[in-house]
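# Notes for the structure review
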Amino acid sequence: MAKAERAEVSAEQLAFDSMFLEVQRLEKALDAAERKTGDERQHDDPRGPK
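To start, this report covers the structure provided alongside it. (Residues numbered from 1 in each chain as written. Predicted model: local features only at pLDDT ≥ 70, side-chain atom pairs only at ≥ 80, totals over all residues. Heavy atoms only, no water.)

## Observations regarding the packing of aromatic side chains
- One pass over the structure, following the stated rule, counts one aromatic pair.
- Between the aromatic rings of Phe16 and Phe20, the centroid separation amounts to 6.1 Å while the plane-to-plane angle is 15°, which identifies the pairing as stacked. One end of the pair is Phe16 and the other is Phe20, both in helix 1 (residues 2–44) and four residues apart, which spans about a single turn.
- Exposure remark for Phe16: the relative accessible area of 51% places this residue in the exposed category.
- The class of Phe20 is partly exposed, set by a relative accessible area of 43%. (Phe/Tyr/Trp six-rings, centres within 6.5 Å; stacked < 30°, edge-to-face > 60°. Helix = DSSP H or I, 4+ residues; strand = E, 2+ residues; numbered from the N terminus. Buried < 20%, exposed > 50% of the residue type's maximum accessible area, 1.4 Å probe, protein only.)

Take a look at the structure:
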């Protein structure tokens, strides 16, 4: 049974790692989009950045 339990934990760890990497990728994409939006606002909005 020990091997089966380790395989289960391994599968759970792989799923977690995959989700964690996806969250990091999304955070980077959101940061990039916010920077782009901020850059555009500086050029388009006479009030400047937020």
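## Some details on the pattern of salt bridges
- Counting across every chain of the model gives one salt bridge.
- Residue Arg25 pairs with Glu22 through a salt bridge whose shortest N-O separation is 2.7 Å. On the criterion of helical spacing, the pair formed by Arg25 and Glu22 is a turn pair, its members being three residues apart in helix 1. (Salt bridge = Lys/Arg side-chain N within 4 Å of Asp/Glu carboxyl O.)

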